[in-house]
Amino acid sequence: MISRNPLRDEVYREVLDRIHRGDLTPGTRIRDSTLALALGVSRTPIREALIRLAQDGALDADMGKGFRVPPLDAGEIGETGQVLGALESLALQLTPAFPAEQPERLADIDRRLEHTRGDASRCVDLEDEWHQVLLEGCPNGRLLELIVNLRQISRRYLAAFLRDSSRVALSTLPHQKILGALREGDRVAALRLFAVHWQRGIEQLQGWISPPNTETEAKVAAR
């Protein structure tokens, strides 16, 4: 039962959590009347939340058919990841300076991430928090707003990947390498490592969604 205000924000988070937990699988249709009954609220905050989720890319809006959890698509995460990686790299580049306590805050998030076992939604939350803290000093508010919106798409893929691959936690090694460069004041190295981190993450998710056809590859190689 949702009782806190504003209701639309609570509903937004609840539906997002259900998607990340796998309760709402790709292709699932979401009806506002059913969700309103389940959460014990009126349909108005439900509709507001679902519209916002559709705008953020977490849901598809079908005219006259309501809302649907979109299928996982290697092309979508490839395009989204490419844009999001570029935007976050730009935000990191625009950040004028890093306070002395910021690396320790990031390291603390990593420690919590390492001890989060088997909870895909919590892992994704901490991954988001790490990126948010890393980029919070960027002076371009519009850029940060775009990043927050696009991360809703990447969150869905990462959560599904963690559940499907039976991973108990995310590796923090890429974070540690980036932090090492920042502690040494090497902004160029930090940016390079950050870009590599994004690229490898995209490739891993794409390979999981559309694994290579080893039988076809073997036939081609034999020709």
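Bear in mind that the values here come from a model prediction, so they are computed numbers and not experimental data. (Residues numbered from 1 in each chain as written. Predicted model: local features only at pLDDT ≥ 70, side-chain atom pairs only at ≥ 80, totals over all residues. Heavy atoms only, no water.)

**Quick look at the overall build of the protein**
Test applied: Helix and strand definitions here come from DSSP, where helices need a minimum of 4 consecutive H or I residues and strands a minimum of 2 consecutive E residues; each element is numbered from the N-terminal end. Each residue is placed in one exposure class: buried if its accessible area under a 1.4 Å probe, protein chains only, is under 20% of its type's maximum, exposed if it is over 50%, and partly exposed if it falls in between. Residues are treated as being in contact if the distance between any of their heavy atoms lies within 4.5 Å. Throughout, the Shrake-Rupley method with a 1.4 Å probe supplies accessible areas, and for residues the shown protein chains are the sole cover considered.
Scanning the protein from N- to C-terminus turns up 10 helices and 3 strands. Along its sequence from the N terminus, the protein presents helices and strands in the succession α-β-α-α-β-β-α-α-α-α-α-α-α. By its C-alpha atoms, the protein is 60 × 55 × 30 Å across when sized along the principal axes. Looking at the 223 residues of the protein, the share that counts as buried comes to 40%. Long-range contacts, defined here as pairs at least 24 residues apart, represent 74% of the contacts in the protein between residues at least 6 apart. A total of about 12200 Å² of accessible surface is found on the protein, and carbon and sulfur atoms cover 52% of it.

**A few points about the pattern of salt bridges**
Pairs can form between side chains of opposite charge once their charged atoms are near each other. Applicable threshold: Here, a salt bridge means any Lys or Arg side-chain nitrogen found within 4 Å of an Asp or Glu carboxyl oxygen.
Using the criterion set out here, one finds 18 salt bridges in the structure. Of the charged contacts, one joins R156 and E76 as a salt bridge, the two residues approaching to 3.5 Å between their closest N and O atoms. Placement of R156 in helix α7 (residues 141-164) and of E76 in helix α4 (residues 74-94) is noted, with a sequence separation of 80 residues between them. According to the relative accessible area criterion, R156 is buried, its value standing at 4%. A single network of salt bridges, built from pairs that share partners, joins R13, D17, E88, D125, D128, R151 and R155.

**A look at the packing of aromatic side chains**
Let me state the cut-off plainly: Any two of the Phe, Tyr and Trp rings considered here, Trp counted by its six-membered ring, make a pair once their centres fall within 6.5 Å; the pair's planes then place it as stacked at under 30 degrees, edge-to-face at over 60, or tilted in between. Both a distance and an angle decide whether a charge sits over a ring: NZ of Lys or CZ of Arg must be within 6 Å of the ring centre and within 35 degrees of the ring normal.
By the definition in use, this model includes 1 aromatic pair. Seen from their ring centres, F161 and W208 are 5.6 Å apart, and the 75 degrees between their planes marks the pair as edge-to-face. Here the residue F161 occupies a position in helix α7, and W208 occupies one in helix α9 (residues 187-209), the gap between them amounting to 47 residues. Directly above the aromatic system of Y12 lies the positively charged group of R52, at a separation of 3.6 Å from the ring centroid.

**Some words on the nonpolar core**
Quick reminder of the rule: As used here, the term nonpolar core means buried Ala, Val, Leu, Ile, Met, Phe, Trp, Tyr and Cys residues forming a set that is joined through side-chain atoms within 4.5 Å.
Residues W130, L134, I147 and L162 are the most contacted members of the largest nonpolar core, which totals 37 residues. Counting residues per element, the ones that place at least two in this core are α4, α5 (102-114), α6 (120-135), α7, α8 (173-183) and α9. Apart from the residues within four sequence positions on either side, L134 is in contact with L92, F98, Q102, L106, L182 and F194. Counting residues in each nonpolar core, the second largest holds 19 residues, with Y12, A36, I46 and L50 among its members.

**A short note on the environment of A160**
Among the structural elements, A160 can be located in helix α7. When the C-alpha atoms of A160 and L205 are compared, they prove to be 9.7 Å apart, with 45 residues separating the residues in sequence. Discounting residues that sit within four places of it in the chain, A160 has contacts with L72 and W208.

**Thoughts on helix α2 (residues 32-39)**
Our working rule: What the arc describes is the spread of directions from the helix axis to the C-beta atoms.
Within α2, the full set of buried residues consists of D32, L35, A36 and L39. Looking straight down α2, one finds its buried side chains confined to an arc of 100 degrees; they lie on one side. α2 presents T34, L37 and A38 as exposed residues on the side facing more than 90 degrees away from its buried surface. Backbone geometry just downstream of α2 places G40 in the positive-phi region, at approximately 70 degrees.

**Description of the sheet that holds strand β3 (residues 66-68)**
Formally: What makes two strands pair is DSSP finding at least two bridges between them.
The 3 strands are arranged β1-β3-β2 in an open sheet whose pairing can be described as antiparallel. A strand with exactly one partner marks an edge of an open sheet, and here the two such strands are β1 (29-30) and β2 (60-62). As paired elements, β2 and β3 share 3 bridges and run antiparallel to each other. Bridge pairing in β3 places A61 opposite F67.

**Some details on the confidence of the model for the protein**
Low pLDDT means the predicted atomic positions in that stretch should not be read closely. Rules: The pLDDT value expresses, per residue, how confident the predictor is, ranging between 0 and 100.
Averaged over all residues, the pLDDT of the protein equals 87, while 91% of them reach at least 70. Ranking the helices and strands of the protein by mean pLDDT puts α4 first, with 95, and helix α10 (residues 214-222) last, with 46. For residues 216-223, every residue scores under 50 in pLDDT, and the model assigns this stretch 1 contact once sequence neighbours within four places are set aside.

**Regarding the packing of helix α1 (residues 7-21) against helix α3 (residues 43-55)**
Heads up, the condition is: Here an axis means a line fitted to C-alpha atoms, over the contact stretch when the element is a helix, while the angle between two N-to-C directions is reported on a 0 to 180 degree scale. Note that the term roughly parallel is reserved for angles under 35 degrees, roughly antiparallel for angles over 145, roughly perpendicular for angles of 65 to 115, and oblique for everything else. Here a crossing is called left-handed whenever its near helix is offset anticlockwise from the far helix by less than a right angle, and right-handed whenever the offset is clockwise.
Following both chains from N to C, one finds α1 and α3 inclined at 55 degrees, their axes separated by 8 Å at the closest point. Viewed along their axes, α1 and α3 adopt a mutual orientation that is oblique. Viewed along their axes, α1 and α3 form a crossing whose handedness is right-handed. Facing α1, whose interface residues are L7, R8, D9, V11, Y12, V15 and L16, α3 presents P45, I46, E48, A49, L50, R52 and L53.

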